[in-house]
Amino acid sequence: MFSFRRLSLLPLLVIGAAPAAAQASKGVTETLVSDLAFKEPNSFLSLPARLDVHNVGLSSALTMLQQRSGAPLAYSPSLLPRDRQVSCSCATVSVASALDRILAGTDFQYAEVGNQIIIEPKADEHHSVAASPAAVTVAMSTSAVGNGGGGWTVSPLRGVRQLAGTITGLVVDGRTQQPIAGAQVVVVGTTRGGVTNAAGRYLIPGVPAGTHTVQVQMLGYTTAEQTVTLADGSTAHANFELTERAISLDAVIVTGTAQGSARREIGTAIATISSAELESAPVTSVSEALQSRVAGMTIMPSGGNAGQGSRIVLRGPTSLTGSIEPIIYVDGVRIDNSKINGIDVDATTTGLDDINPEDIERIEIVKGASAATLYGTEAGAGVIQIFTKQGARDAQRWSLRSEYGISHVPREWWDVSIYSDWFYENYTRLGKQQKHTIGVSGSLDGFRYNLSGTYNNQNGVLPNSRNEWGSFRANMTFAPGDNFSLLVNTGYTRRDWQVPEVGNNSNGLIYNALRGGPRGQNRPVEQLSQREYLMSSGRFTAGLSATYTPVHNFVHRLTVGADVVNQDNISYLPFGSDLTTADGSINNYRRQNLQTNLDYSASYKTNLTPTLTSNTAFGIQAQHRAHLRSRATGSRFAIPGMKTVRSAANKGAWEDREWVKTAGVFLEEQFGFHNLFFLTLGARWDGHSAFGREAGYAFYPKTDVSYVVSEHSFWPKDIGTLRLRSAFGMAGKQPGAFDAEMTWAATSVLEGVPAVTTGNLGNPDLGPEVTQEFEIGFDAAFLKDRIGIEYTHYRSDTKDALYAVRYPASNGFINTQLSNVGHVRNRGHELALTAVVMDIPRRFHWEARFTGMLNSNKVISLGGGPPITSGGWSQWIREGYPVSAFFEDRYILVNGEPVLASEYYTIRDEHGNPVLDHNGEPVRVEGWDYIGPAFPTRTLNVSNKFTVGRNLTISALVDFKGGHYISSSTSRWLNYEGARVLDGEPLYDPNDPKTEKFKPGNPTGKQCIDPKDKIWEITCQTDWSINRGNHIHPADKWTLREVSLAYRVPRVWARRMGASSATIRLAGRNIWRHQKYIGLEAEATYATSNARGAQSYFDTPLPRMFVGSVSLTF
Amino acid sequence: MRSEQMTLRPWPRRGGRSGSALLLLAGALALGACDLSVINPSEIADADLDTPTAIPGIIAGVIGDYGLGLIDEGGGGVLVAGAMLTDEMVNSGSWIGLRGLSNGESRDDWVESQLRWALPAKARWVANRAVERVSALVEAPDRNADVATALLYSGYANRVLGDNFCDATRDGGGWEPFTVWFEEAEEKFTEAIRVASNALADDSSGARIGSQMNADAILPAAYAGRAQVRMMLAGLNQDLAMWDKAVEDAAMVPTNYVFNQRFSTQGSNLNRWYDWGYNTPTRETTVWGTPFAEWGQDLALPAAQRTGDVRVQYEVMTGNFAKGRDARRPWYRQRKFTSQSAAIPNARGTEMRLIEAEAALVRGDWEAAVAKINEVRAFRNTSLTGSNVLPMVSATNIDEAWVLLMKERGIELWLEGRRLPDLRRWAVTPGKEKVPFKVVRRPSGLPDPETDERVSVYDVERMCIEVSRNEKLANPNLR
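Just so we're clear, the structure is a prediction, and the values are computed from it rather than from any experiment.

Rules used throughout
Here the residue numbers are simple positions, counted from 1 along each chain's written sequence. All chains are assigned letters beginning with A, and all ligands numbers beginning with 1, in the order in which they are written. The model is predicted, so local features are restricted to residues of pLDDT at least 70 and side-chain atom pairs to those at 80 or more, both for listing and for counting; the totals for chains, interfaces and linings are taken over all residues. Each side-chain value is derived from all of the structure's non-hydrogen atoms; neither hydrogens nor water enter the calculation. Should DSSP find at least two bridges between two strands, the strands are regarded as paired. Secondary structure elements follow DSSP: runs of H or I of four or more residues count as helices, runs of E of two or more count as strands, with numbering from the N terminus. Our working definition of a disulfide is a cysteine sulfur pair at a distance within 2.5 Å. Per-residue accessibility, obtained with a 1.4 Å probe over protein chains only, is compared with the maximum for each type, and a residue is labelled buried under 20%, exposed over 50%, and partly exposed between these values. Salt bridges are defined by distance alone: a side-chain nitrogen of Lys or Arg within 4 Å of a carboxyl oxygen of Asp or Glu. Helix axes are fitted only over the stretch in contact, all axes being lines through C-alpha atoms; the angle between N-to-C directions runs from 0 to 180 degrees. Nonpolar core, defined: a set of buried Ala, Val, Leu, Ile, Met, Phe, Trp, Tyr and Cys residues in which side-chain atoms within 4.5 Å join the residues together. Centres within 6.5 Å make a pair out of two Phe, Tyr or Trp rings, where for Trp the six-membered ring is used; the pair is then stacked when the planes are under 30 degrees apart, edge-to-face when over 60, and tilted otherwise. Sitting over a ring, as applied to charges here, requires NZ of Lys or CZ of Arg to be within 6 Å of the ring centre and within 35 degrees of the ring normal. Whether two residues touch is decided by their heavy atoms; if any such pair falls within 4.5 Å, the residues are in contact. We define buried area as the total accessible area lost by two parts upon association, computed with a 1.4 Å probe and summed across both. In protein, a polar contact requires one atom able to donate a hydrogen and another able to accept it; more generally it is a pair of N or O atoms within 3.5 Å, and residues adjacent in sequence count only if both atoms are side-chain atoms. pLDDT measures the predictor's confidence residue by residue and takes values from 0 up to 100. Helices are assigned an expected span. That span is 1.5 Å times one less than the residue count. Like charges within 9 Å and nonpolar side chains (Val, Leu, Ile, Met, Phe, Trp, Tyr) within 5 Å are joined into patches, using only residues over 30% in relative accessible area that form no salt bridge. For the area figures, the Shrake-Rupley method with a 1.4 Å probe applies, and any residue is considered shielded solely by the protein chains shown. The reported arc concerns the directions from the helix axis to the C-beta atoms and nothing else. Using a grid of 1 Å spacing that covers the protein atoms alone, one calls a set of points a cavity when a 1.4 Å probe fits there but cannot get out, and a pocket when the set is open and has protein on both sides within 12 Å along at least five of seven lines; lining residues are those with an atom within 4 Å of a point. Grid points are joined across faces, edges and corners, and a volume is the space filled by probe spheres set on the points. All amino acids are sorted into three groups, where Ala, Val, Leu, Ile, Met, Phe, Trp, Tyr, Cys and Pro are nonpolar, Asp, Glu, Lys and Arg are charged, and the leftover types, Gly among them, are polar.

Points about the sheet that holds strand 47 (residues 930–932) of chain A
Strand pairing in a sheet relies on backbone hydrogen bonds, with the paired strands running either antiparallel or parallel. Residues and elements named next belong to chain A. Reading across the sheet, the four strands line up as 42-43-44-47 and stay open at both edges, with antiparallel pairing between neighbours. If you trace the sheet from one side to the other, it starts and ends with strand 42 (868–869) and strand 47, each paired once. Looking at chain direction, strand 43 (residues 875–877) and strand 44 (residues 885–887) are connected through two bridges and run antiparallel. When the bridges of strand 44 are listed, Trp876 appears paired with Ala885.

Remarks on the state of the cysteines
Residues and elements named next belong to chain B. Counted by the stated rule, this structure contains three disulfides over all chains. Across the disulfide, Cys166 is cross-linked to Cys464 (sulfur-sulfur distance 1.9 Å). Because the sign of the S-S torsion sets the handedness, a value of about 100 degrees for the bond joining Cys166 and Cys464 places this disulfide among the right-handed ones. Residue Cys166 is found in the loop between helix 6 (145–164) and strand 3 (167–168), and its partner Cys464 is found in the loop between strand 12 (454–456) and helix 16 (469–474); the two are separated by 298 residues along the sequence. The exposure class assigned to Cys166 is buried, which follows from its relative accessible area of 4%. Assessed through its relative accessible area of 5%, Cys464 is described here as buried. The cystine pairing of chain A, numbering bonded cysteines in sequence order, is 1-2, 3-4.

Here we look at the pattern of salt bridges
Residues and elements named next belong to chain A. Under the criterion given, the structure shown has 93 salt bridges over all chains. Linking Arg908 and Glu903 is a salt bridge whose minimum nitrogen-to-oxygen distance equals 3.2 Å. By relative accessible area, which is 44% here, Glu903 ends up partly exposed. Among the ionic contacts, a cluster of salt bridges with common partners joins Arg315, Lys367, Arg723, Arg725, Glu773, Glu775, Asp779 and Glu830.

Digging into the sheet that holds strand 7 (residues 184–187) of chain A
All names here are of chain A. Pairing in this open sheet of four strands is antiparallel, and the strands run 8-7-10-11 from one edge to the other. The open sheet is flanked by strand 8 (193–195) and strand 11 (224–230), the only strands paired with a single partner. Across the sheet, the mean angle from the axis of one strand to that of its neighbour is 20 degrees, orientation sign disregarded. Where strand 7 meets strand 10 (residues 210–217), four bridges bridge the pair, whose relative direction is antiparallel. From the neighbouring strand, Gln184 faces strand 10, where its bridge partner is Gln217.

Overview of the nonpolar core
Residues Phe423 and Phe1098 of chain A together with Leu152, Tyr156, Phe259 and Trp273 of chain B are the most contacted members of the largest nonpolar core, which totals 168 residues. At 14 residues, helix 8 (residues 215–237) of chain B tops the list of elements feeding residues into this core. Within the second largest apolar cluster, 29 residues are counted, among which are Leu51, Tyr75, Val95 and Ile117 of chain A.

So, the packing of aromatic side chains
Tallying each qualifying case throughout the model produces 43 aromatic pairs over all chains. When the ring of Tyr511 of chain A is compared with that of Tyr1097 of chain A, the centres are 5.9 Å apart and the planes differ by 45 degrees; the resulting orientation is tilted. With Tyr511 of chain A in helix 9 (residues 509–516) and Tyr1097 of chain A in the loop between strand 54 (1095–1096) and strand 55 (1104–1113), the pair connects residues that are 586 residues apart, well separated along the chain. There is no split in this pair, since Tyr511 of chain A and Tyr1097 of chain A are both buried. In this structure an aromatic cluster arises from ring pairing among Tyr66, Tyr153, Tyr156, Phe189 and Phe259 of chain B. Taking NZ or CZ as reference, Arg362 of chain A lies 4.0 Å from the ring centre of Phe387 of chain A, over its face. Residue placement shows Arg454 of chain B over the ring face of Trp288 of chain B; its charged tip is 5.1 Å from the ring centre.

Topic: the interface of chain A and chain B
Size of an interface: often given as the accessible area lost when the parts come together. The interface of chain A with chain B comprises 79 residues on the first partner and 90 residues on the second. Buried area between chain A and chain B, both sides added, is near 7,000 Å², and the carbon and sulfur share of it is 59%. Counting across the interface, chain A meets chain B through zero salt bridges. Linking chain A with chain B are 13 residue pairs in polar contact (both at pLDDT 80 or more). Within the residue set of the side of chain A that touches chain B, elements represented by two or more residues are strand 31 (612–637), strand 32 (648–673), strand 33 (677–688), strand 36 (743–749) and strand 37 (753–760) of chain A.

What to know about the side chain of Lys961 of chain A
Residue and element names in this part refer to chain A. Looking at the secondary structure, you find Lys961 in strand 49 (residues 952–962). Taking the relative accessible area as the measure of exposure, Lys961 reaches 9% and is therefore buried. Only 2.9 Å separates the side chain of Lys961 from the backbone oxygen of Ile299, close enough to count as a polar contact. Within polar-contact distance, the side chain of Lys961 engages the side chain of Glu1083 at 2.7 Å. Discounting residues that sit within four places of it in the chain, Lys961 has contacts with Gln291, Thr298, Ile299, Pro936, Arg938, Thr939, Ala1035, Asp1036, Lys1037, Arg1041 and Glu1083.

Quick notes on unusual backbone geometry
Residues and elements named next belong to chain B. With an omega of 10 degrees, the peptide bond between Thr429 and Pro430 qualifies as cis. Even without a glycine there, the phi angle at Asp171 is positive, about 50 degrees. Summarising the element assignment, Asp171 is placed in the loop between strand 3 and strand 4 (176–177).

Looking at the side chain of Asn1070 of chain A
All names here are of chain A. Among the secondary structure elements, Asn1070 is positioned in strand 53 (residues 1061–1075). Within the structure, the side chain of Asn1070 is placed 3.0 Å from the backbone oxygen of Pro1103, a separation counted as a polar contact. With residues near it in sequence (within four places) discarded, Asn1070 still touches Trp413, Thr1039, Leu1040, Arg1041, Leu1102, Pro1103 and Arg1104.

Observations regarding the confidence of the model for chain A
Residues and elements named next belong to chain A. Residues at a pLDDT of 70 or more form 88% of chain A, whose mean pLDDT is 83. The weakest mean pLDDT in chain A belongs to helix 2 (residues 26–34) at 29; the strongest belongs to strand 47 at 97. Note that pLDDT drops below 50 for residues 1–42; the model gives that stretch 124 contacts with residues more than four away or on any other chain. A low-confidence stretch, residues 123–163 stays under pLDDT 50, and its non-local contacts, those more than four residues away or across chains, total 104 contacts.

Description of helix 2 (residues 55–71) of chain B
With 17 residues, helix 2 of chain B extends 25 Å from end C-alpha to end C-alpha; this agrees with the ideal 24 Å at 1.5 Å per step. Counting buried positions over the 17 residues of helix 2 of chain B gives 16, a clear majority of the element.

Thoughts on a nonpolar patch on the surface
A cluster of nonpolar side chains, Trp398, Leu400, Ile438 and Phe1114 of chain A, forms an exposed patch at the surface whose accessible area comes to about 350 Å². Mapped onto the elements of the fold, Trp398 of chain A is located in strand 23 (residues 397–408).

Comments concerning helix 13 (residues 366–381) of chain B
Residues and elements named next belong to chain B. An ideal rise of 1.5 Å per residue puts 22 Å on 16 residues; helix 13 measures up with 22 Å between its terminal C-alpha atoms. Looking at helix 13, one finds that the buried residues are Trp366, Ala369, Val370, Ile373, Asn374, Val376, Arg377, Arg380 and Asn381. One side of helix 13 carries all its buried residues, which in axial view fall inside an arc of 150 degrees.

Some details on empty space enclosed by the protein
Where empty space is left can be seen by rolling a probe of water-molecule size over the atoms. Residues and elements named next belong to chain A. Here the largest cavity is characterised by a volume of approximately 420 Å³. Broken down by class, the residue content of the lining of the largest cavity amounts to eight nonpolar, 18 polar and five charged. Space inside the second largest cavity adds up to approximately 180 Å³. What lines the second largest cavity is a set of 19 residues, and nearest its centre among them are Glu265, Lys605, Thr613, Asn615 and Gln670. For the lining of the second largest cavity, the secondary structure elements donating two or more residues are strand 1 (51–57), strand 31 and strand 32. If one sorts the elements of the lining of the second largest cavity by residue count, strand 1 sits on top with five residues. Its residues assigned to classes, the lining of the second largest cavity shows six nonpolar, ten polar and three charged.

This is the structure:
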């Protein structure tokens, strides 16, 4: 995949204060001068332009030139003529040549000043540009800002006539408080102006005395104004916090082609999370970073122990049997996201979390098939693309961040059993974490680099919960020639992870403690921490991406990537420590996954007519996966201290190896009309190892349209921005490697005699399941960008869904066989709304963001196949219901009295006898046992950000997931007839009334101590084998997910520490929750590896976490 | 078997749209000699078995699948399930399927019910498929020991299905009475005897030598198996002629003969009685509450204090394991199978004597029946000493003799999967009312050792195990 590097505009404006100004404002001048950096003359102008545009607006052309060449351009978009269409086949020429062509025939000129290229209107009187890097002052002369007729002048310092005063200030991003470089600052009604430097500062000398309006403009941000009053010889300060535009139509999105596309050109909704959002969020992993930020994305954690992974679902489950998680690319390298531990503990990490959040520049979420077509087979559930930070173009910069935190599960979150308090006091602890990151970024003669290293150590809230990892990332960019560039991205993460006995485990700590108190349910709790689950992993990801433009208009890109994961997991029971196997045991599972991918793509752009552009892209992609696994087991150590399989008396081994390949080609044609209307047609063809021999190759077509209505001439300028978009596309999901073949399995019987047994029935027609998706929506901004709306309605259908058809066991094959017979449907709405609720410049700024999703998921057809269980207890795939929905008998209230649903809904004859089917089973009303879906049907995320003054930012994020159910084994084991305190309870003292609840025979579950209704009364008096459905509960949950307070230390103070900037953050996560769920944690479903499981089994609640951090840059 | 690797699939051969051919070609060329075959040396294609060198693995697989069908991990297989439904063991744990059986119900939709049906059904299919496949691979299938072995295990797989399941459905077909299992078993055993006999008679070749069993070992196993199924057909159908045939077969099997199903920790064939009735974490089944607790020996007692029949051994547990997983019922763990590699007899010579005894009872000759029972005891005593020596038994009438026989079969064949067919058969002759055994049943709720009353062993919905829901849903002929 193409790794598009988002450019950081870090130009350093070379500013020298006028002598008068320097005298008047020495401090300011000194500060600015200290920021100066010098580059060789024309160094940016000589960069390769890599630009190929046809009949696009002048502003768009400049934007693309800036993005593709890396040259920092400073200009005022509002001054550019809106109706000017330009073309430039400038892929192989320099930036200077490209600018010559683009600006030819216009009233604009350019010059490289300091560390940026200034584009300015040609002035009648002051047509002079500083060509020297020597100190200059950038000043501006304009007659009417924004009307296109004004003129700019960038004058050398010596040419500036010193007038009454100086205006200076800082321009920062209002949300991140980071300086904005390259912003245009003008004094309205005068000829004066300037451009911010890398530190976000500007200086405008020679401003006449009086009251002025200072206006700041920057691409991607809304225009800001302030009024200042200036006396003769004085200096006025005007700082600006710019608000990002609600809609950024020119941001480049990676779509699978060589160069990506501007957002305006594509018809799908692709979400982006920026590094700025991640930096301010209290997250320890990428999974946490993704949570509650994107409409249509659902993150489902597996538990609250340190490092436990999550599952991700985009726009609902699209598959009945295959993975429903998106595939993941990091800088164009496909990474393994398997959730396998191999040592029989219900906890895994997530491959996504091997990426350090602080290394991420941005994340793009391709939500559905309509946008994922070019990614082909395996992308049917969406794509997550992570782009890591690349080297800065300016001087070397060091960054340091240290973070310390604590985590804690409040007492009341454990309150499900009479033993909860005892457990809380004896077995929970205050989790601690620390994380330290150091990085350096810079450039040297065409070579840019970004290096970072991180160490993280986290202890969870339970014994034996630990997550320690370190990572190192080195990203390098070479540009040895005008037509060739090379990106090398590498990352390594080493993790040591430990979890207590959790999940569906009879030796589980929480299970035993909350069910049986000190004596445990299965064994004394004090014995339960003897087994250790130690999981170590190393991941090395490397990608090399070369871009070559040999001839005009024809860009080639080749990416070669590899992702290597090595796991070494151990389940260890020491000698003599356990009553089960007194001599101890060990299980060592090792797994190596080597995944390589090779992507080649090319694009050719041309003008078909003066108003019609064409962009043709094609490419080839190949992937190879080598998956090697082995297990060695041993039991019965001779003496204490033994800790290897070698030292065990009984030994066993298992090993498996598999190599799977996939390859595909794609073709895409994009037409552009007047840079306003875009039509894209494309297709991909794939072959895959897993396809049946009769299945042929997979074909995935796509088309999308985008129409920027608001840039049409008829659109009133003041109304705002509106873009309409729609897309249709297909993407696939492959079956398992051998699902198409009839296979037998090797086994061993009779004391080691080799044998074969039936394996897979086989299906030569087996192909990928193809999800087709149609989406339609719009992006809009109103009220001067104070309100932005993105709305999408999607309709996806997987009509040949892989369904595990069960054939009669009496025919010999007991495993299910995949067949392309299913039909799964998702319908939904996504809405993202941003609003600037209040803005009092320099005092108070309040931004609110709302994202929500409604999704309806349904199994339309199973192709005549019978229902199958899927996901866990009581979860079924049945026609007419959501994927893996819950079905179970339970007590319901009928006329105020509890009645079993199976009885109530039984159809009876005139004598009251049940009507029986041909199997002798009672016939019941259709859907009598349906309880609800296993996946959220609605989500809501509300974030608010308050900026107080210049430096203090407070933000909060509340989210909601709901409409779904979870089977709570916590409820089931604690609240039924048999869950009673046993005789001889050690916590019970007949003489102590405080211990009355521990009296033998009392219920152990909180629900049964004082049943709240008749359903619970009878539930507590019966066995869960009868009313299991009463332990499947709604999982709706509100969470105050994040609260953070960031204080940007004044620059002067930072400098006293030797830093150029410093930020202090205090943040909390999972601060508050509200759930009606009967169990410990409504979000946790222990079986991470079970894609559709919605089963909770004494899972650890997601802990409340507080962190404090300091970030410094040097 | 495949020696190194299998290459299952090259680049897709046919496409759906002609217009894409050029692009595909370009892609294929660009990718060079890209071969999309998947490789996994562990997988075996069906065609890989069509070679004589695969026969040992095929026959071993037949035996292994049969063992899995008896007592796989998933809910304990039919042996554990049958023990729960009858009075051999009582549930003391939490698994719904086992608890339900212990309480007298058998449901087809329990998770445990699915494999419990599927594995023996698969074992039968695999054995029958092996008969076909091996017959096609050898020169003289009608005198080949491997063919005879497959036939033998087909017979036993059919016998197990008939012993345990309420109904029959074969090879995806419709419903049949469960006795068709016995009929097919009789047919397979007969064929096994014929082929093994031919092999033994053919001295000129090595046909008598099988990859897993030789022909001379097959014959008594086949006679014993046929005696078992003929006994079932005779008892269920009250067919005296069939009783005669059963006795004829039984007579071919010496008293000291045992045809074991072997298990091993070196693979997936494990004797799961170890897990379900012996190993401490599971504690799902207990001898407590069964007649066998009264008849057998408590090994927790000093040897001098032990009483009861040495053929039923258990251990009254104390301390942390005094109770089962339900934390209620006392845990008496069985001590008959104390390792995962312990063999389980498929048939015994002693059972043949008891078949002869039952046949005598059916004809009213209770004195002969008692004599046969004592013949079994005398044989057992040849290896017993001291207080373990089994006393000879006596009866004064046919009813007493029936009780003696029923008790003797229960003790002699304890936990070997014979109790369920016995109770199905005895429900017909001598009749449920004459079967005296009591067991703990509790239709709902947690078992309570203080209040759980003993009821007739026939206090069940059906004295058999239901065919799985999966089979019913997947088999169009059953819908």
